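# Coordinate analysis (summary)
Residues per chain, in single letters:
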Amino acid sequence: MEKQIPGVGELLKNAPKNWGRWGAEDEVGSLNFLTSAEVLRGVGSVKQGKTFTLQVQMGNPKGDPVWPGRDPSKRMNVLDEGHFLCGKGPAFPGGLHYADDVMFMYLQGSTQYDALGHVWCDGKLYNGYDAMSTIGGMSKVSVLPLAERGIVGRGMLIDMARHRGKTSLDPGETFTHEDLLAAAKKQGVTIEKHDILVVRTGWISAFYEKDRVEFYKNFVEPGLTYTPELVDWFHKMEIPNLVTDTIANEVTIDPVSGAALPLHIALMSYLGITFTEIAQLDLLAADCEKDGQWSFLYVAAPLKVVNGSGAPVNPVVIK
Ligand code: UVW
């Protein structure tokens, strides 16, 4: 007999929600935990002046590691020296030439912040906003309020790939908060309340190493997997932002219920935890292992896309 897959709302009927916690008009969710004191706690973790950027390259010849069904970004030259050679460039007094280009991309097609209203179930977005407000562009809980605010706090890197002795977790390989805590213990660190949680699986590097067709064949990602206890832990820890080097931050299909991406609803939509996906964490992780410093100041400014369901970002980490 075929397995009955529950609706995500049914699966999560007892899950905690932060709806209303910061008022009926709130659109930034758990970023409210990132107060000035949290910014200073992040600044306090700067010890060496080393900097890292976490965005993957856009327009890399290998393409972009996008969710199946989305197209990789495409950059096109509009104006270059060739145009001037053919007499098609604008003739400026003084002879200045310039280059122009345009890019087509999915807003979730690179390292990105998801809007809190990016996913929903049962007709309601984060904080109870009506899903009808997504029609023609998100008029509520778009990425804009997150971008207007910016994201600054103490980041903590947990390296699940190193913890499991692998360069990359395998397709469909799962882990929970218990595994995060075990990895933290091995790293000699403590995940603190309000930390921006940065989790490395090695998965995005597998995209650049593997053949594209092979990467997308029977596509399933590794990642966090749903348990009620995991959701309670994120709730209790008041995690403002979850950053990973996978395309969806969680295992593609919950192996227990069979539902796709239930943590998108439980964490992003119900608790208002912002999701940052497709981050490049390898250089940072290698450095953290070398110097034993796994916490840092994390600063991110997603682009201010009006009514956007997400926005590209190049987060900066300062150790
Ligand atoms: C989906 O929208 C399916 O996932 P993501 O959050 O990775 O963009």
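Naming follows an unreviewed UniProt entry, where the protein appears as Kynurenine formamidase of Panacagrimonas perspica.

Let us look at the sheet that holds strand β5 (residues 151–159). One open sheet accounts for nine strands, arranged β1-β13-β11-β5-β7-β9-β10-β4-β12; its pairing is mixed. Among the strands making up the open sheet, the edge pair consists of β1 (51–53) and β12 (310–312). Within the sheet, the average angular offset between the axes of one strand and its neighbour, ignoring direction, is 25°. Along the sheet, helix α10 (residues 262–270) contacts β4 (112–114), β9 (241–244) and β10 (274–277); its crossing angle with β10, the most-contacted strand, is approximately 130°.

With that settled, the discussion passes to the pattern of salt bridges. Enumeration over the complete set of coordinates arrives at 22 salt bridges. One salt bridge connects Lys13 with Glu10, and the closest N-O pair in it is separated by 3.3 Å. With its nearest N and O atoms 2.9 Å apart, the salt bridge here joins Asp195 to Arg41. Of this pair, Asp195 sits in the loop between α6 (177–187) and β7 (196–200) while Arg41 sits in helix α2 (residues 36–43); the two residues are 154 residues apart in sequence, bridging distant segments of the chain.

A few words now on the packing of α6 against helix α9 (residues 228–237). Taken N-terminus to C-terminus, the directions of α6 and α9 make an angle of 60°; their axes are 9 Å apart at the nearest point. When the axes of α6 and α9 are compared, the pair comes out oblique. In contact with His177, Leu180 and Leu181 of α6, α9 contributes Glu229, Leu230 and Trp233. For the contact of α6 with α9, a count of residues per class yields four nonpolar, one polar and one charged.

Turning next to α6. Buried within α6 we find His177, Leu180, Ala183, Ala184 and Gln187. Within α6, the buried residues cover an arc of 115° as seen down the axis, which keeps them to one side. α6 presents Glu178, Lys185 and Lys186 as exposed residues on the side facing more than 90 degrees away from its buried surface. Looking at the buried residues of α6, the elements they touch are β5, α5 (160–163), β6 (174–175), β7, β8 (223–224) and α9. The residue sitting at the N-terminus of α6 and contributing the capping side-chain oxygen is Thr176; that oxygen lies 3.1 Å from the backbone nitrogen of Glu178. Two residues or fewer after α6 comes Gly188, characterised by a positive phi angle close to 80°.

Here we come to the nonpolar core. Ile158, Leu180, Leu197, Phe234 and Tyr298 are the most contacted members of the largest nonpolar core, which totals 68 residues. Looking at this core, the elements with two or more residues in it are β5, α6, β7, α9, β9, α10, α11 (282–291) and β11 (295–300). With six residues, the single largest contributor to this core is α10. Grouped together as the second largest cluster of nonpolar side chains are ten residues, Val66, Trp203, Phe219 and Ile247 included.

What follows is about the packing of α9 against α10. Running from amino to carboxyl end, α9 crosses α10 at an angle of 25°, the nearest separation of the two axes being 10 Å. Classified by the angle their axes make, α9 and α10 are roughly parallel. Our pair here, α9 against α10, has a crossing hand that is right-handed. Mapping the contact onto sequence places Leu230, Val231 and Phe234 in α9 and Leu263, Ala266 and Leu267 in α10. The residue makeup of the contact of α9 with α10, split by class, is six nonpolar, no polar and no charged.

What counts as what
Residues numbered from 1 in each chain as written. Predicted model: local features only at pLDDT ≥ 70, side-chain atom pairs only at ≥ 80, totals over all residues. Heavy atoms only, no water. Pairing = 2+ DSSP bridges. Helix = DSSP H or I, 4+ residues; strand = E, 2+ residues; numbered from the N terminus. Axes fitted to C-alpha atoms, helices over the stretch in contact; angles between N-to-C directions. Contact = heavy atoms within 4.5 Å. Salt bridge = Lys/Arg side-chain N within 4 Å of Asp/Glu carboxyl O. Parallel < 35°, antiparallel > 145°, perpendicular 65-115°, else oblique. Nonpolar A, V, L, I, M, F, W, Y, C, P; charged D, E, K, R; others polar. Buried < 20%, exposed > 50% of the residue type's maximum accessible area, 1.4 Å probe, protein only. Arc of directions from axis to C-beta. Polar contact = N/O pair within 3.5 Å; in protein donor to acceptor, adjacent residues only side chain to side chain. Core = buried A, V, L, I, M, F, W, Y, C linked by side-chain atoms within 4.5 Å. Left-handed = near helix turned anticlockwise from the far one by under 90°.

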